[in-house]
Amino acid sequence: MKKISIVVPCYNEEESLPLFYKEVDKVTEKMSKKADFEFVFVNDGSSDKTLEELRKLAQKDKRVHYLSFSRNFGKEAAMYAGLEHAKGDYVTTMDADLQDPPSLLEEMFDTLETKEYDCCATKSTSRNGYSFLRKTFTKWFYKIIAKLSKTEMVEGARDFRLMTRQMVDAILSMKEYNRYSKGLFSFVGFNTKWIEYENQDRVAGTTKWNFWKLFAYAIDGIVAFSTTPLLIAAFVGILFCFIAFVMIVIIVVKTLAFGDPVSGWPSLACIIFLVGGINLFCTGIIGEYLAKTYLETKNRPIYIIKETEKDL
Ligand code: UDP
Ligand code: MG
């Protein structure tokens, strides 16, 4: 019988966890003739009682494994750790807040069993429950990254997907420190079937993302999967050199022909500000890539584990 690993990153999910476990347990019960299950919960440095909940679950259910980080490393790190420790033939990643309906697991499993697909992924059709700012921002992000990157980012794609062992190993072979999962999933290729569903509300707790966190995450995604911004910076540089050249010619000719003294420092001040601003902007873009390169070369671990169910 095939084994399915359920990887769940958890950050301050003490309220959601029992509900999540109950729901998923029902599904595993229903699918017990088709597949075996294991849970890999990753406690991403929660400051509430998430770890206690996980210890309780692990004592109650032999299928439950957990990894507890030494601090908060972020969802990407938690997913990576979970995938590394999952032993199943098929592996799924799910949020702990039941925004990813566990009932879809059976359909996803059946899809992979046909051997036609290596992955069954989900996307939500609506973004109900998210703020207007977040919705607008997300829409623009997908538009921009589609122009900048060759790696396709599917709009509305969730991290909830069931993958074959082969695909999981491919993802694990990418050991980069700046992990942007949506890009990584797409980068490895393989046949993916998409299923859609209406966005669900969180069962309990609150979202861990705010506008600035999402903004930084979006920049990470762009820097990780495109070098086009560097090219844009170079082009802007060339464009300004060209404009400056034309202006020099005009001023020299004007002075020689009409003996016109150059007048007006306000226009000059504007130009200096503009060029200075663009200069800093381009340096900033380069700096962003340099910073990421710097972090990658340090080769720091993506996560640090403090406790697992084996310590119980
Ligand atoms: N999460 C995590 N580490 C973090 C932030 C979030 O492990 O630093 C987990 C969180 O517990 C949840 C999932 O990632 O299981 C998605 O987070 P959330 O529901 O807050 O995001 P949203 O659904 O609002 O995009
Ligand atoms: Mg959520």
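Anyway, here's the lowdown on the structure attached to this text. (Residues numbered from 1 in each chain as written. Chains lettered and ligands numbered in written order. Predicted model: local features only at pLDDT ≥ 70, side-chain atom pairs only at ≥ 80, totals over all residues. Heavy atoms only, no water.)

**Concerning the coordination of the magnesium ion (ligand 2)**
Okay, step 1: With distances of 1.9 Å, the protein atoms coordinating the magnesium ion (ligand 2) are Asp 97 (OD) and Gln 99 (OE1).
Okay, step 2: When its relative accessible area of 3% is taken as the criterion, Asp 97 is described as buried. (Donors = N, O, S within 2.8 Å, 3.2 Å for Na, K, Ca; no water. Buried < 20%, exposed > 50% of the residue type's maximum accessible area, 1.4 Å probe, protein only.)

**Quick word on the environment of Leu 54**
Okay, step 1: Within the element layout of this structure, Leu 54 appears in helix α2 (residues 50–60).
Okay, step 2: Judged by relative accessible area, Leu 54 falls into the buried class, the value being 0%.
Okay, step 3: Sequence separation between Leu 54 and Thr 28 is 26 residues, and the spatial gap between their C-alpha atoms is 18 Å.
Okay, step 4: Other than its neighbours up to four places away in sequence, Leu 54 contacts Leu 17, Phe 41, Asn 43 and Tyr 66. (Helix = DSSP H or I, 4+ residues; strand = E, 2+ residues; numbered from the N terminus. Contact = heavy atoms within 4.5 Å.)

**A few points about the nonpolar core**
Okay, step 1: If you look at the biggest cluster of nonpolar residues, it comprises 39 residues, and the most contacted ones within it are Phe 69, Leu 83, Phe 141, Met 163, Ile 171 and Tyr 303.
Okay, step 2: Those elements giving two or more residues to this core turn out to be β2 (35–43), β3 (64–69), α3 (75–85), β5 (119–124), α5 (132–148), α6 (165–172), α7 (181–187) and α8 (211–225).
Okay, step 3: Non-local contacts of Phe 69, meaning those with residues more than four positions away in its chain, are made with Val 42, Asn 43, Asp 44, Gly 45, Ala 77, Ala 78, Ala 81, Tyr 303, Ile 304, Ile 305 and Lys 306.
Okay, step 4: Ranked by size, the runner-up nonpolar core spans 34 residues in total, among them Ile 4, Phe 20, Phe 41 and Leu 112. (Core = buried A, V, L, I, M, F, W, Y, C linked by side-chain atoms within 4.5 Å.)

**Some remarks on helix α1 (residues 16–30)**
Okay, step 1: The first and last C-alpha atoms of α1 sit 22 Å apart over 15 residues, in line with the 21 Å expected at 1.5 Å per residue.
Okay, step 2: Contact partners of the buried residues in α1: β1 (2–10), β2, α2, β3 and α4 (105–113). (Expected span 1.5 Å × (residues − 1).)

**Points about the pairing of β1**
Okay, step 1: Here β1 lies mainly inside the structure; seven of its nine residues are buried.
Okay, step 2: Examined bridge by bridge, β1 and β2 share nine bridges and lie parallel to one another. From the neighbouring strand, Val 7 faces β2, where its bridge partner is Val 40.
Okay, step 3: Handedness of the β1-α1-β2 crossover: right-handed.
Okay, step 4: In the sheet, β1 pairs with strand β4 (residues 90–93) via four bridges, with the strands oriented parallel. Looking at the pairing, Ile 4 lines up with Tyr 90 of β4. (Pairing = 2+ DSSP bridges. Right-handed = clockwise from strand over helix to strand, strands pointing away.)

**Details of the pattern of salt bridges**
Okay, step 1: Taken as a whole and judged by the stated rule, the model has 20 salt bridges.
Okay, step 2: One salt bridge in this structure joins Glu 106 and Lys 34, with 2.8 Å as the shortest N-O distance. In this pair, Glu 106 sits in helix α4 while Lys 34 sits in the loop between α1 and β2, placing the two residues 72 residues apart along the sequence.
Okay, step 3: According to the relative accessible area criterion, Glu 106 is buried, its value standing at 18%. (Salt bridge = Lys/Arg side-chain N within 4 Å of Asp/Glu carboxyl O.)

**Section: the pairing of β5**
Okay, step 1: Among the six residues in β5, six count as buried, and that is most of the element.
Okay, step 2: Residue alternation in β5 divides its side chains into two sets, Cys 119, Ala 121 and Lys 123 and Cys 120, Thr 122 and Ser 124, and both sets are buried.
Okay, step 3: The pairing of β5 with strand β6 (residues 157–164) spans four bridges and is classified as antiparallel. Bridge pairing in β6 links Cys 120 to Leu 162.
Okay, step 4: Relative to strand β7 (residues 192–197), β5 runs parallel, the two sharing six bridges. The residue of β7 that forms the bridge with Lys 123 is Glu 196.

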